[in-house]
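# Observations on the model geometry
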Amino acid sequence: MTTALTSSLAKTSARTATRRRRPEAFTVFSVIGVTAFMIVCLVPFWMIVSGSFTDEQTLATTGYSVVPRPFSTAAYDLIFTGPTLLSAYAASVFITLVGTALALACTSGLSWVIARRLPYISRPLSVFAYIPMLFSGGLVPLYLLVTQYLKLQNSYFAVILPLLVAPFLVFIQVSAFRQLPEEILDSARVDGAGEMQIFFRIGLPLSKPILAVVGLFYAVHYWNEWFTALLFMSDIHKYPLPLLLQNLISNVSFSQMLPTAAEQSTPVYQLRLALTVVTIGPILLAYPFAQRYFVKGITLGATKG
Amino acid sequence: MSDRTRDRRRATLRGNLWLAVLALPAVAFFLVFSYAPMAGLVVAFKEFDISKGIFGSAWNGLDNFRYFFSSGDAQRILVNTLLLNVLFLAATLAAGVTLAIMLNELRGRYFKRVAQSTIFFPYFVSPVVIAIMLQVLLSGPAGSGGAVNDALAGFGLPTVSWYTEPGPWPWILTVVKVWQLGGYLSVIFLAAITSIPEDVYEAGQIDGASRAQMALRITLPLLKPTAAVLLVLGVGRIFYGDFGTIYAIVGDNGTLFPTTDVIDTYVFRSLRQIGDFGTTAAIGLFQSVVGFVLVATAVLIQRKYSKETSLL
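Cut-offs and rules
- Residues numbered from 1 in each chain as written.
- Chains lettered and ligands numbered in written order.
- Predicted model: local features only at pLDDT ≥ 70, side-chain atom pairs only at ≥ 80, totals over all residues.
- Helix = DSSP H or I, 4+ residues; strand = E, 2+ residues; numbered from the N terminus.
- Rg over C-alpha atoms; globule rule 2.2 N^0.38 Å.
- Buried ≥ 20, exposed ≤ 12 C-beta atoms within 10 Å, placed from the backbone.
- Contact = placed C-beta atoms within 7 Å.
- Expected span 1.5 Å × (residues − 1).
- Arc of directions from axis to C-beta.
- Domains from an automatic or database assignment.
- Nonpolar A, V, L, I, M, F, W, Y, C, P; charged D, E, K, R; others polar.
- Core = buried A, V, L, I, M, F, W, Y, C linked by C-beta atoms within 7 Å.
- pLDDT = per-residue confidence, 0-100.
- Axes fitted to C-alpha atoms, helices over the stretch in contact; angles between N-to-C directions.
- Parallel < 35°, antiparallel > 145°, perpendicular 65-115°, else oblique.
- Left-handed = near helix turned anticlockwise from the far one by under 90°.

As a further point, take the overall build of chain B. Helix and strand counts for chain B stand at 16 helices and 2 strands. Here the C-alpha atoms of chain B give a radius of gyration of 26 Å, more than 25% beyond the 20 Å that 2.2 N^0.38 yields for 312 residues. By principal-axis analysis of the C-alpha atoms, chain B measures approximately 80 × 70 × 30 Å. Relative to its full complement of 312 residues, chain B shows a buried share of 42%. Here the contacts in chain B between residues at least 6 apart in sequence split such that 72% fall between residues at least 24 apart.

The subject of this paragraph is the overall build of chain A. Regarding its fold elements, chain A presents 15 helices and 0 strands. The buried share of chain A, reckoned over its 305 residues, is 40%. Counting only contacts in chain A whose residues sit at least 6 apart along the sequence, the fraction spanning at least 24 positions is 73%.

Moving on: helix H11 (residues 195–206) of chain A. Residue and element names in this part refer to chain A. With 12 residues, H11 extends 15 Å from end C-alpha to end C-alpha; this agrees with the ideal 16 Å at 1.5 Å per step. Those residues of H11 not exposed but buried are Glu-195, Ile-198, Phe-199 and Gly-203. Projection of H11 onto a plane perpendicular to its axis shows the buried side chains occupying an angular sector of 95°, all on one side.

This next bit is on the domain arrangement of chain A. Residue and element names in this part refer to chain A. With domains assigned, chain A is organised as domain 1 (22–72) and domain 2 (74–303). Between domain 1 and domain 2, the residue contacts involve 8 residues of the former and 9 residues of the latter. Looking at the side of domain 1 that touches domain 2, the elements with two or more residues in it are helix H2 (25–52) and helix H3 (56–62). Among the elements that make up the side of domain 1 that touches domain 2, the one with the highest residue count is H2 (4 residues). Broken down by class, the residue content of the side of domain 1 that touches domain 2 amounts to 3 nonpolar, 4 polar and 1 charged.

Once that is clear, we can look at the nonpolar core. Leu-110, Val-113, Val-165 and Leu-275 of chain A together with Ile-130 of chain B are the most contacted members of the largest nonpolar core, which totals 159 residues. At 15 residues, the largest contribution of residues to this core is made by helix H9 (residues 169–194) of chain B. Among all residues touching Ile-130 of chain B, those that are not within four sequence positions of it are Val-125, Val-176, Gln-180, Thr-245, Ala-248 and Ile-249 of chain B.

So, on to the confidence of the model for chain A. Residues and elements named next belong to chain A. Chain-level statistics for chain A give a pLDDT mean of 79 and a share of 81% at 70 or above. Counting interchain partners and residues more than four positions distant, the pLDDT-below-50 stretch residues 1–18 has 0 contacts. This stretch, residues 252–264, has a pLDDT under 50; its non-local contacts, to residues over four places away or in other chains, come to 12 contacts.

This part is about the domain arrangement of chain B. Residues and elements named next belong to chain B. Here chain B is partitioned into domain 1 (2–59) and domain 2 (72–305). Each of domain 1 and domain 2 has a C-alpha centre, and the two are 35 Å apart. A class-by-class count of the residues in the side of domain 1 that touches domain 2 yields 4 nonpolar, no polar and 2 charged.

Moving on to the packing of helix H9 (residues 167–177) of chain A against helix H12 (residues 208–224) of chain A. Packed helices, taken two at a time, are described by their axes: the angle between them and the distance between them. Residue and element names in this part refer to chain A. Contact pair H9 / H12: the axes reach a minimum separation of 10 Å and the direction vectors enclose 175°. It follows that H9 is roughly antiparallel to H12 by the angle criterion. Two secondary-structure elements touch here, H9 through Leu-169, Ile-172, Gln-173 and Ala-176 and H12 through Ile-210, Val-214 and Phe-217. Looking at the contact of H9 with H12, its residues break down into 6 nonpolar, 1 polar and no charged.

Let us look at the interface of chain A and chain B. Between chain A and chain B, the contact holds 81 residues from the first and 82 residues from the second. Here the side of chain A that touches chain B gets 15 residues from one element, more than from any other, and that element is H2 of chain A.

Right, let's talk about the environment of Phe-124 of chain B for a bit. When you line up the elements, Phe-124 of chain B lands in the loop between helix H6 (109–120) and helix H7 (127–138). Considering only alpha carbons, one finds Phe-124 of chain B and Leu-181 of chain B, 57 residues apart in sequence, at a separation of 9.6 Å. Beyond its immediate chain neighbours, meaning those up to four positions away, Phe-124 of chain B contacts Val-220 and Ile-283 of chain A.

This part is about the packing of H7 of chain B against helix H13 (residues 243–250) of chain B. Residue and element names in this part refer to chain B. Relative orientation of the contacting elements H7 and H13 amounts to 40°, with a least axis distance of 8 Å. Viewed along their axes, H7 and H13 adopt a mutual orientation that is oblique. Crossing angle aside, the handedness with which H7 passes H13 is right-handed. In this structure, H7 uses Pro-127, Val-128, Ile-130, Ala-131 and Leu-134 to contact H13, whose residues at the interface are Gly-244, Thr-245, Ala-248 and Ile-249. Of the residues that constitute the contact of H7 with H13, the class distribution is 7 nonpolar, 2 polar and no charged.

Between the first and last C-alpha of helix H5 (residues 83–115) of chain A there are 46 Å, a value that for 33 residues agrees with the 48 Å anticipated at 1.5 Å per step. Positive backbone phi, approximately 50°, marks Arg-117 of chain A, located one or two places after H5 of chain A.

What follows is about unusual backbone geometry. Residues and elements named next belong to chain A. Backbone geometry at Arg-117 places phi at a positive 50°, although glycine is not the residue there. Phi at Asn-154 is positive, roughly 60°, even though this residue is not glycine. Counting through the fold element by element, Asn-154 comes out in the loop between helix H7 (139–149) and helix H8 (157–160). The exposure class of Asn-154 is partly exposed, given the 13 C-beta atoms found within 10 Å.

Attention shifts here to the confidence of the model for chain B. The predicted model of chain B has a mean per-residue pLDDT of 82, with 91% of residues at 70 or higher. Taken together, the chains of this predicted complex give a pTM of 0.83 and an interface ipTM of 0.82.

So this is what it looks like as structure tokens:
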């Protein structure tokens, strides 16, 4: 059985191979084009990684090289011994974890209620969530709200709360919830499950893939978020990573965030690159496992709504 | 009998209300962070005084708007916003379609998947990181020229001091946007290509079409609806600059403002540096209203154009 299958498969692929023995010019062109774009996507990352391991003096005189030489971990030593940089990491982790958990909870709840098509409830709610996509109050009212009324300056929640529910992800989740077979929910109802039980025991567990998609989008968003932090954080010890990086770009005095009293010249530039590596590191590590969910997510969002 | 029906209906209603509780946190979020700020836009018509608060400050009619439009900045940032967005939109859509068609040509499944993941990745990179990458490319450490200048010098071409030269920046930012969004859009377009029925291609093959002909004569025309949706939505958002990316890259580098300053960056700077709440809110309101008209028109057009591929 298996061998028959394999041999028939082999036969088909052999036939395909003969038919496509000579790839057409356009296919070759496509392979070259895609490969070129892949290289363009990867080169900046490699330059940063390589630069972060290159001795600062060499970097200044001979420029970038493909392989870091002479190899130096000075910048990383600074990062992992300095309290500011570690606390920035902790801040980013906190914002990402708490933010994603809260965002996922709020988004799932709202999406479920919209997806259930309850009379008098679902339709108005979806309009309610849709309007902010069309019209926003803009920066000033938000700034006044957070600083004057909610008094959230220098709180991590000033970064978390304004981004808590993304309408676009709500609608992605609604369309996923609507694909759950109605029979399962009905049978639970017949067995006497309440609406809450149905949501927590059946709806959510059956929707793990879409929860992963939406959760990952929120997590990346929170991890990269620096703009709200820039607006509402002034205490450098509470800066999340991207904001600290942004500060290093705009060349604010480094003295207060450097761990040791400058013994020699601090490798500022190398430090900047190392911090960049540290910032994209988690995304880079998680990406191979998560990317199929992202692809699924935007495909879902693009075709159904 | 009727009693039981009424009971059941009441039970359902109670169940529904229970269910609505699940939506409460999100509803509270929208009320506080989306709807309350809309009311806060009255600041645009006030002489804002922080000690008196939003509602205590005195009205000053349209003075804030007048102030903004009479300043020389208005024209510059409006032109920049429109120009940059048109460039971004055209370039990213073209790149997305091209990449999707080329990805579709790839036969090795493994290579295709790796390629797709690789070109999708820049979408997840923070604007701040992109800004650092640009610095690496355009200005190296300690005043050395950066990788691009090294390359230019290598070919015997004159080097450019990029960060003091506003001219090339619309193009640099366009390249950045293509790098950032090309892969993301190609995933959307590739999904659209995948949904094209196979027999269209078989018919083409029987008629002796080459792969290039099939891509140009079959795939490309069939991608039009998807491209139209994305185009219309992009046009709808044309009044909103991509604040994050532009501000992270340009920051407060005034030499580059003539070509890179857009509404969002201008608003942000005048809020943070000058603290002029009234004028800033007026610009924000102007942007929101024009933006709303554009988005709403775009959505209506798009609804009419293609019912089945609704993006929103």
